[in-house]
Amino acid sequence: MSRTRLWPVTASGLAIGLIYILRVLIPAEGNPSIFLALGEESPRQTAYAQSRLGSVVVRDAFGHDGKFFFVQANDPFHLEPDANAAFLDRPVYRGQRMLYPALAGGLGLFPPGLVVWSMLGVNLAALVAATAVAGKLAAGWGASPWLGLAVPLNLGLLSEIDIGGAGVVAMLAALGGVLALTSPKEKTAASTLLFTLAALSREVSLLFAAGVVAVLFLTKRRVLWQLLVIPVVAVGAWRLYLLVRLSGLPTGGADRELGAPLVGIWEAFRYWREDPIDLAIG
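Residues numbered from 1 in each chain as written. Predicted model: local features only at pLDDT ≥ 70, side-chain atom pairs only at ≥ 80, totals over all residues. Heavy atoms only, no water.

A.B. asks: Could you clarify how one ought to interpret the pattern of salt bridges in this entry?
C.D. replies: Pairing between side chains of opposite charge can happen when their charged atoms approach one another. Considering all chains together, one arrives at six salt bridges under this definition. Residue Asp 65 is joined to Arg 94 by a salt bridge in which the shortest nitrogen-to-oxygen separation is 3.4 Å. Within this pair, whereas Asp 65 is found in the loop between strand S2 (58–59) and helix H3 (66–74), its partner Arg 94 is found in helix H4 (residues 91–95), the two being separated by 29 residues in sequence. Residue classification places Arg 94 among the buried positions, given a relative accessible area of 13%. Linking Asp 89 and Arg 94 is a salt bridge whose minimum nitrogen-to-oxygen distance equals 2.9 Å. Salt bridges sharing partners connect three or more residues here, namely Asp 65, Asp 89 and Arg 94. (Salt bridge = Lys/Arg side-chain N within 4 Å of Asp/Glu carboxyl O. Helix = DSSP H or I, 4+ residues; strand = E, 2+ residues; numbered from the N terminus. Buried < 20%, exposed > 50% of the residue type's maximum accessible area, 1.4 Å probe, protein only.)

Structure representation (structure tokens):
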């Protein structure tokens, strides 16, 4: 498929992303801290942001992931954990998702005033790029490239932008991994790297890689173990690094990350009931 035919889809994805961002940004009087999802009931993270940004916008209740990614983006490699990672509720768990804050923080080189904008910029760029990749995948499988709009019209991904989350970056890397694998000249190494980056964005992306490996085995009887094993090794190596770097924090050490199936959804349901709109979207 030519690049020219992808432009309308990509441009439409950009327009959707910009409209959504402006819809959130304008009522906040143009203050980008709205996308940090700081919460009234999260005073430590709010105080951290205020000390670095000055005036910030605070949401109801606890807020969401963006306030933790902002902390990480200011020190993505945890070189000064007492000054930054100490403000994370679960340092190892939060620190596992390292790619998005590393990009948004310019590998730790950006000042906080730039980080708060770059977090938004990285997510918008990832949304647009993922739209183009999804459109190219659809066209390559004989469908309309306009199916790429399934990315920017995905309420979950728009929500990730709203809360300053890492899901859009993870989705871009995962889709990119599929594109590399299904290109005319199969690029297994590139696909493995992209699945690794997806897992370092959100560790649940390992399930995506596992699904790809399973489909390849069931449909083509091929076992491309590296698509899953290398991301698992990378996630494990980064976790060991975190355990060493963050061991001195009062809240450091290992976190409980596994629980009974569907427990998270049940716990979230209690909050959805308080807002019928949230429940309908859920």
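A.B. asks: Please explain the packing of helix H6 (residues 112–140) against helix H7 (residues 155–162) as it appears in this structure.
C.D. replies: In a pair of packed helices, the angle between the axes and the distance between the axes together describe the arrangement. Two elements in contact, H6 and H7, have axes whose closest approach is 9 Å; the angle formed by their N-to-C orientations is 160°. The angle between the axes of H6 and H7 places the two elements in the roughly antiparallel class. For the crossing formed where H6 meets H7, the hand is left-handed. Contacts between H6 and H7 involve Leu 120, Asn 123 and Leu 127 from the former and Leu 157, Glu 160 and Ile 161 from the latter. (Axes fitted to C-alpha atoms, helices over the stretch in contact; angles between N-to-C directions. Parallel < 35°, antiparallel > 145°, perpendicular 65-115°, else oblique. Left-handed = near helix turned anticlockwise from the far one by under 90°. Contact = heavy atoms within 4.5 Å.)

A.B. asks: Got a minute to help me understand the nonpolar core in this structure?
C.D. replies: Side chains of a nonpolar character, in soluble globular proteins, are inclined to be buried together. Phe 35, Phe 70, Tyr 100, Met 119 and Leu 227 are the most contacted members of the largest nonpolar core, which has 61 residues in total. Sort the elements by how many residues they give to this core and H6 lands first, with 13 residues. Setting aside its immediate chain neighbours within four residues, Phe 70 contacts Leu 36, Tyr 48, Ala 49, Leu 53, Pro 112, Val 115, Val 116 and Met 119. (Core = buried A, V, L, I, M, F, W, Y, C linked by side-chain atoms within 4.5 Å.)

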